[in-house]
Amino acid sequence: MPAVKPRRIEDYIFIAFIILGFVAALVTGSAIMYYIVSFLTGILFGRILYKKRQAIKFETYIMVTFFMIGFVLGNSITGYGDPRITIFVYFLGIVISYYLNAKQFFGIVDI
Amino acid sequence: MGLATYLDKVRRYYPFTFLEIRNIMITIILIGFMYGFNDGRPKFETIPYFYNMLVSMGVAAITVLVFVSGQRFAGISAGYRVEFQMWWPGMVVALIITFIARGWIWIPIAGGMLLHHMSGHRLGFFRYGLNMLDNGIIASCGPLACVVYATIVKQIAVWTNLASLPIINKMYWFALVFAVVNMLPIPPLAGSKLMYNSRAPYVFIFAFILAYAVMAYFNLFSWILALILAFVLWVLYYIRYEQ
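Bear in mind that the values here come from a model prediction, so they are computed numbers and not experimental data.

### Some words on the interface of chain B and chain A
And step 1. Of the residues lining the interface, 18 residues belong to chain B; the matching set on chain A comes to 17 residues.
And step 2. In total, chain B and chain A occlude about 1600 Å² of area from one another, counting both sides; carbon and sulfur atoms represent 79% of this.
And step 3. Considering only the side of chain B, the residues that lose the most area to chain A are Trp 88, Phe 99 and Ile 100 of chain B, jointly responsible for 34% of the buried surface there.
And step 4. Taken together, chain B and chain A are joined by one residue pair in polar contact (both at pLDDT 80 or more).
And step 5. Take the side of chain B that touches chain A: its biggest share by element is eight residues, from helix α4 (residues 88–100) of chain B.

Right under this line is the structure:
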């Protein structure tokens, strides 16, 4: 019988990111702000994905996905904007950020 | 080092590279945007809003240049060339916080710096190579330069009876908040470089800047009192944690 793998703190990181996304959506005051925050978060996660591209972990995908889930859930309460546009803008931010990082637009030295 | 030698080094090593100019300009625009995002008016008015935004960017530009110059001048005197490094993730997080807080919270972070060892100019220095102490001291010269600049602005305003002008207050407070935030021990900000070298000097310098800013909030403008308070805090820290 295979040994049960002990639970680690990383296994629960999705809860933290759902809450983070949810709270961020709740306090954002309008549709425009909602899209801007979504885009900027995408930019941030794009950089994280690029930095970890050599040995990307499952937790990274969890982080990226569950933040968005929390964000959309929060938006369903506030009712600002269209969730489809938000998701599109979020992934657009990730793609743009990943591309700019790959082109070393943000500088060669990593700080 | 004589003055002529120092000035010659400044002339040769002070100018910024293209990448630095680009990064400094982006930093100024983003910090100015965060600072001017909420102009405090209950209703949006186009001309006053953009005027306030422009003034905020101007204030941010002067402060960032003072900060970077402080580090650069200190670096040159110790035989290093200082390179400004923008902290992209930090800047994006600061922007997100500004948007979420609708401009009521703004975090003016400058970024990091890199030291380039200039072999010829380091000849004769004790600890010839790159070291953490020089890194920390040079980094903390940025926030200290901001405090000096804020004091000069305030003092000149008091002498010329211009202290009540809103722009003077903007310049003064922005420089102080900028100095305090950049002394936080978060890599790659200036405070982290000093703290990684030694905690005791970090506590003294950070306590000085924080004490000066807090006292200024209560209309008490005194470097001497801030230094005394910083010394007391440093002693308390030493007795409690280092002894």
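More follows now that the structure is in view.
### Things to note about the packing of aromatic side chains
And step 1. All chains considered together, the criterion is met by 30 aromatic pairs over all chains.
And step 2. Summarising the aromatic geometry, the rings of Phe 67 of chain A and Tyr 90 of chain A are spaced 6.5 Å apart at their centres and angled 20 degrees between planes, so their arrangement reads as stacked. A residue pair is termed long-range when its members are at least 10 positions apart, and Phe 67 of chain A in helix α3 (residues 58–78) and Tyr 90 of chain A in helix α4 (residues 83–102) qualify at 23 residues. For the pair Phe 67 of chain A and Tyr 90 of chain A, a shared accessibility class is recorded, and that class is buried.
And step 3. Taken together through their ring pairs, the aromatic side chains of Phe 17, Tyr 34, Tyr 35, Phe 45, Phe 67, Phe 71, Tyr 90 and Phe 91 of chain A make up a single cluster.
And step 4. One Lys or Arg, Arg 53 of chain A, reaches over the ring of Tyr 50 of chain A and ends 3.9 Å from the middle of that ring.
And step 5. Its guanidinium or amino end placed over the ring of Tyr 241 of chain B, Arg 240 of chain B lies 5.1 Å from that ring's centre, counting from NZ or CZ.

### Considering unusual backbone geometry
Residue and element names in this part refer to chain B.
And step 1. For the bond running from Pro 187 to Pro 188, omega is 5 degrees, close enough to zero to count as cis.
And step 2. Relative to the helices and strands, Pro 188 resides in the loop between α6 (166–182) and α7 (190–197).
And step 3. Here the phi dihedral of Arg 102 falls at roughly 55 degrees; this positive angle occurs in a residue that is not glycine.
And step 4. With respect to the helices, strands and loops of the structure, Arg 102 is situated in the loop between α4 and β2 (112–117).
And step 5. Overall, the relative accessible area of 43% leaves Arg 102 in the partly exposed class.

### Re the packing of helix α8 (residues 199–217) of chain B against helix α9 (residues 223–242) of chain B
Residue and element names in this part refer to chain B.
And step 1. In contact at an axis separation of 8 Å, α8 and α9 are set at 140 degrees when each is read in the N-to-C sense. When the axis of α8 is compared with that of α9, the two are oblique. Helix-helix and strand crossings are classified by hand; for α8 and α9 the assignment is right-handed. Together, Arg 199, Ala 200, Val 203, Phe 204, Ala 207, Phe 208, Ala 211, Tyr 212 and Met 215 of α8 and Trp 223, Leu 225, Ala 226, Leu 227, Leu 229, Ala 230, Phe 231, Leu 233, Trp 234, Tyr 237 and Glu 242 of α9 make up the contact between the two elements.
And step 2. Of the residues contributing to the contact of α8 with α9, the split by class is 18 nonpolar, no polar and two charged.

About the thresholds
Residues numbered from 1 in each chain as written. Chains lettered and ligands numbered in written order. Predicted model: local features only at pLDDT ≥ 70, side-chain atom pairs only at ≥ 80, totals over all residues. Heavy atoms only, no water. Contact = heavy atoms within 4.5 Å. Buried area = accessible area lost by both parts, 1.4 Å probe. Polar contact = N/O pair within 3.5 Å; in protein donor to acceptor, adjacent residues only side chain to side chain. Helix = DSSP H or I, 4+ residues; strand = E, 2+ residues; numbered from the N terminus. Phe/Tyr/Trp six-rings, centres within 6.5 Å; stacked < 30°, edge-to-face > 60°. Buried < 20%, exposed > 50% of the residue type's maximum accessible area, 1.4 Å probe, protein only. Lys NZ or Arg CZ within 6 Å of the ring centre and 35° of its normal. Axes fitted to C-alpha atoms, helices over the stretch in contact; angles between N-to-C directions. Parallel < 35°, antiparallel > 145°, perpendicular 65-115°, else oblique. Left-handed = near helix turned anticlockwise from the far one by under 90°. Nonpolar A, V, L, I, M, F, W, Y, C, P; charged D, E, K, R; others polar.

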